[in-house]
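Spelled out from the first residue to the last, the chains are:
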Amino acid sequence: MIDARNVYRVVTRKIRDFSEEQLQNITAIAWLYRGQQERYLGLVGDYLNKTHQEAGTVAAALTQLESPLAKLTQMLHTFNDSLGASLPLLKDLPEVEGLVAEDIANQNIETFRATLSELEAGIEEFTAARDVLIGELQVHLAWFAENNPTLNPSSLAGRGDLVPAKAGWGSATNEAQKDCAARFALFIPQLKTLQKHINEVHKVGTRAVELAEKKLEARKQDIWDGKEVKKQRDALDIVRDEAIFAIKSTLYVKAQVTWLQSRFPEAVFVDVSGLCKVVTRDEITQQDSSLTPGRYVDVTALDGEDEEDFEERMREIHLELASLNEEAVELAASIAANFEELL
């Protein structure tokens, strides 16, 4: 019996389905029950191959962040150096109003400069973490390629049942696959930390630009190149999304390996509470011949979200809400304009 109620992908708040990988994982359980261990190992090996293929794209994706961050930071510094008592905010105001405006302007300047310092510190932390990860990951990827069972036939000892065309780590033994997965698992905390750094730097950089333009009226000053700033912000958005996608793709495929190996560590079928169980006809008879899997596999607690998953989900919800709010404003303006035309 297989109870897949706890295996699903959230599409929307009301819709859940199976991803392609989840369907493969459920099928792999049936393979192990039938004694088709080589098919199970082939799937795990395929996941390992894809994990490292995705990991191979991470370095380039992270490096792309450097250019827009550097250019944007430089423009913010140039604007910061130009700040003084001649802000447009302070011109042509009565003395009393001018004093109040000056206090507000000074507060805005302090906030802007603090945000710029926070951005520089964030970039420094991100760069340091990125350089460490890239260096260590390159060493691991080299090890992964050197120990590819297809290129190293000695690792196939005792696996004469394999199809010769079977490529990559799908032809490795279970112990070799577990060792490979354990080696890569060491990079997961680093990847998640980098993901947080990227989002934080992007958020602080965006806030610094908005402070300059909205609070300090940067657009009214000749030194502020609004078009170039927008160009670099758009470039940062693109490379941020690409870097996050590379990290997420790597972690997602690796999660499939973890899901299978944590439940079937010896690559043989075993009863897993809340997921699968071998039942006899007598047990089925005792359950009034019901074939509902939940009656046999017991109940287990759902895997909770870790801190990183929760924060990422909250960030996605926030971005989605902000986008919906912008669309609502545009729609309201469009409706108002249409009504004016009718009147």
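See the structure printed just above.
Read on for an overview of the structure.

Moving on to helix H6 (residues 174–185). With 12 residues, H6 ought to run about 16 Å at 1.5 Å a step, and its terminal C-alpha atoms sit 16 Å apart, in line with that. Here H6 has its buried residues at Asn174, Gln177, Cys180, Ala181 and Phe184. Here the buried residues of H6 occupy an arc of 125° about the axis, which is enough to place them on one side.

What follows concerns the nonpolar core. Counting residues in hydrophobic clusters, the biggest one holds 41 residues, and the most contacted among them are Leu62, Leu65, Leu76, Phe79, Phe112, Ile198 and Trp224. Contributing elements (two or more residues each) for this core: helix H3 (58–63), helix H4 (66–82), helix H5 (95–146), helix H7 (188–215) and helix H8 (226–263). Broken down by element, the residue count for this core peaks at 9 residues, all from H7. If near-sequence neighbours (up to four positions away) are discounted, Trp224 is found in contact with Met75, Leu76, Phe79, Val209, Ala212, Glu213, Ala218, Arg219 and Val229. Counting residues in each nonpolar core, the second largest holds 29 residues, with Ala28, Trp31, Leu41 and Val253 among its members.

Before going further, it helps to spend a moment on unusual backbone geometry. As a rule of thumb, non-glycine residues mostly have phi less than zero, and peptide bonds are mostly trans rather than cis. Even without being a glycine, Glu217 presents a positive backbone phi close to 50°. Counting through the fold element by element, Glu217 comes out in the loop between H7 and H8. At Ser289, a residue that is not glycine, the phi angle is positive and equals roughly 60°. Within the element layout of this structure, Ser289 appears in the loop between helix H9 (281–286) and helix H10 (307–342).

Turning next to the packing of aromatic side chains. Evaluation of the coordinates by the stated rule reveals 7 aromatic pairs. Note on Tyr33 and Phe269: the rings are 5.8 Å apart at their centroids and 75° apart in plane angle, and the pair reads as edge-to-face. Taken together, the residues span a long stretch of sequence, with Tyr33 in helix H1 (residues 20–33) and Phe269 in the loop between H8 and H9 at a distance of 236 residues. On the numbers, 5.6 Å between centres and 85° between planes, the contact of Phe79 with Phe112 is edge-to-face. Taken together, the positions of Phe79 in helix H4 and Phe112 in helix H5 put the pair 33 residues apart, joining distant regions of the chain. The same class applies to Phe79 as to Phe112, namely buried. By way of ring pairs, the aromatic residues Tyr33, Phe264 and Phe269 are connected into one cluster.

A word on the pattern of salt bridges. Applying the stated criterion across every chain, the model contains 14 salt bridges. Residue Glu66 pairs with Arg130 through a salt bridge whose shortest N-O separation is 3.4 Å. Residue Glu66 is located in helix H4, and its partner Arg130 is located in helix H5; the two are separated by 64 residues in the primary sequence. Judged by its relative accessible area of 46%, Glu66 is partly exposed. You can call Arg130 buried: its relative accessible area is 7%. Close ionic contact of Glu175 with Lys178 constitutes a salt bridge, the shortest N to O distance being 3.4 Å. In this pair, Glu175 and Lys178 both sit in helix H6, 3 residues apart, roughly one turn of the helix. Through salt bridges with shared partners, one network takes in Glu66, Arg130 and Asp131.

Conventions and cut-offs
- Residues numbered from 1 in each chain as written.
- Predicted model: local features only at pLDDT ≥ 70, side-chain atom pairs only at ≥ 80, totals over all residues.
- Heavy atoms only, no water.
- Helix = DSSP H or I, 4+ residues; strand = E, 2+ residues; numbered from the N terminus.
- Expected span 1.5 Å × (residues − 1).
- Buried < 20%, exposed > 50% of the residue type's maximum accessible area, 1.4 Å probe, protein only.
- Arc of directions from axis to C-beta.
- Core = buried A, V, L, I, M, F, W, Y, C linked by side-chain atoms within 4.5 Å.
- Contact = heavy atoms within 4.5 Å.
- Phe/Tyr/Trp six-rings, centres within 6.5 Å; stacked < 30°, edge-to-face > 60°.
- Salt bridge = Lys/Arg side-chain N within 4 Å of Asp/Glu carboxyl O.

So, to be careful, I would describe these as geometric facts and stop short of saying anything about function.
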